[in-house]
Amino acid sequence: MSAAIKVEKLDKIYSLGGKGPDKHALKAIDLEIPRGSIFGLLGPNGAGKSTFINILAGLVNKTSGKANIWGFDIDENPRNARVSIGVVPQELYFDAFFTPFEMLELQAGLYGVPKSERRTLEILETVQLADEANSYTRTLSGGMKRRLLVAKAMVHSPPILVLDEPTAGVDIELRRQLWETIQDLNNRGVTIVLTTHYLEEAERLCDRIAIINHGHVVACDSTKNLLARIDEKEILFDLAHDLEEIPEALKSFHCHLSGKRRLAIQINKSSASVGEVLAAISSAGLEVHDLFTKDTDLEDIFLQLTRSD
Ligand code: ADP
Ligand code: MG
């Protein structure tokens, strides 16, 4: 069986035609997204995530390379490629005077779904909006609106659902609801592709993650393997007494002094535990005033992944 989505040497240059320098947004991207997965495209703002999504959605023309959706090449078979995905865009846009029911019926009409094959109420149930089927869209909460956009992307029953930053600027409760909806759809067999700049989101939802930065894919792996590669953690100790040099008991760790009372120890979560570090600190006879850990953020991850060791 072919991949849900496969792109080869996908390249995008936005040409500003003299009004500014050209922008090379995607640089020869190779990616394969397996059927049935929840696939995360993770990267900071400006990395090229929306460009990638919009090329698949047929909203942006690629400069070169190939893209295949559910077995259909987007150049040779654009119609079939396009009906194979439903896209939830980054921005919320609504005609507030339609009800959710009307909005989905209209969308189904646009996609030429015959009346007998429409599943409008069933879709509204999937995103927990059945009770609001006949309310005006403008009266819906932010979370309901987001779920309505998911429903809209699903009216033609595409095997792939693409969500561009579904939870950007969304509060934690709403984020959880959306995660549930996404997981639920995936359990029903829908392949999910989502973009995010939250590591935590990709970590919780996705079984595979591609990390993209400045138009390059810097890593693509199962979530488990990827997290194992970025498992560095730094523990910082504020000491009660001055320390002139690293004690013998700590020499097996990667540590350094920054100032006489601040000791930083780097560990790989997979090869050493915080407990081992604490035991070594104690056997070195160090008195600790305070301790804190530094979490890996996206910037650290890019540095780790692009480092040439
Ligand atoms: P992301 O979604 O990861 O934040 P985008 O794909 O939106 O990134 O943007 C990638 C790069 O391409 C950015 O530098 C952005 O400014 C640029 N870009 C995006 N859309 C356009 C456009 N229509 N014209 C020119 N440059 C664009
Ligand atoms: Mg974007």
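Residues numbered from 1 in each chain as written. Chains lettered and ligands numbered in written order. Predicted model: local features only at pLDDT ≥ 70, side-chain atom pairs only at ≥ 80, totals over all residues. Heavy atoms only, no water.

1. Looking at the pairing of strand 8 (residues 191–196)
As a general feature of sheets, a regular strand has side chains that alternate between the two faces. Keep this limit in mind: For each residue, the accessible area found with a 1.4 Å probe, counting protein chains only, is set against the maximum for its type, and the residue is called buried under 20%, exposed over 50%, and partly exposed in between. The helix count covers DSSP runs of H or I at least four residues long, the strand count covers runs of E at least two residues long, and both are numbered beginning at the N terminus. Should DSSP find at least two bridges between two strands, the strands are taken to pair.
Along strand 8, six of the six residues are buried, which leaves the element largely enclosed by surrounding structure. Burial along strand 8 is two-sided: Thr191, Val193 and Thr195 facing one way and Ile192, Leu194 and Thr196 facing the other are all buried. When strand 3 (residues 38–42) meets strand 8, the two strands line up parallel, connected through five bridges. The residue bridging leucine 41 from the neighbouring strand is threonine 195, located in strand 8.

2. Observations concerning the site of ligand 1
Heads up, the condition is: The near set for a molecule or strand comprises every residue that places at least one heavy atom within 4 Å of it. Polar contacts, as counted here, are pairs of nitrogen or oxygen atoms within 3.5 Å of one another; within protein the pair requires one atom able to donate a hydrogen and one able to accept it, and residues that are adjacent in sequence qualify only if both atoms are side-chain atoms. Under the scheme applied, nonpolar residues are Ala, Val, Leu, Ile, Met, Phe, Trp, Tyr, Cys and Pro; charged residues are Asp, Glu, Lys and Arg; polar residues are all the others, including Gly.
Taken together, Tyr14, Leu16, Lys23, Ala25, Pro44, Asn45, Gly46, Ala47, Gly48, Lys49, Ser50 and Thr51 make up the full set of residues near ligand 1. A distance of 2.7 Å is found between an oxygen atom of ligand 1 and a backbone nitrogen or oxygen belonging to glycine 46. For ligand 1, an oxygen atom lies 3.0 Å from a polar atom in the backbone of glycine 48. When contributions to the shell around ligand 1 are tallied by element, the ones reaching two or more residues are strand 2 (23–33) and helix 1 (49–56). Examining the composition of the shell around ligand 1, we find that three residues originate from one element, helix 1, more than from any other. Of the residues in the shell around ligand 1, the class split is five nonpolar, five polar and two charged.

3. Let's talk about the domain arrangement of the chain
Inclusion rule: The start and end points of each domain follow an automatic or database-based domain assignment.
By the assigned domains, the chain splits into domain 1 (3–227) and domain 2 (232–296). Distance from the C-alpha centre of domain 1 to the C-alpha centre of domain 2: 44 Å.

4. Here we look at the pairing of strand 12 (residues 254–257)
As paired strands, strand 12 and strand 13 (residues 262–268) are joined by four bridges and run antiparallel to one another. Along strand 13, the bridge assignment pairs leucine 257 with leucine 263. Linking strand 12 to strand 13, which pair antiparallel, is a turn of four residues; within it glycine 259 sits at a positive phi near 85°.

5. Overview of the sheet that holds strand 13
In plain terms, the rule: Here an axis means a line fitted to C-alpha atoms, over the contact stretch when the element is a helix, while the angle between two N-to-C directions is reported on a 0 to 180 degree scale.
Strand order in the open sheet formed by four strands is 12-13-11-14, and the pairing between neighbours is antiparallel. The open sheet has two free edges, formed respectively by strand 12 and strand 14 (288–294), since each of these has just one partner strand. Neighbour-to-neighbour, the strand axes of the sheet open up by a mean angle of 20°, direction not taken into account. Here seven bridges tie strand 11 (residues 232–239) to strand 13, and the two strands are oriented antiparallel to one another. Residue pairing in the sheet places aspartate 238 in a bridge with arginine 262 of strand 13.

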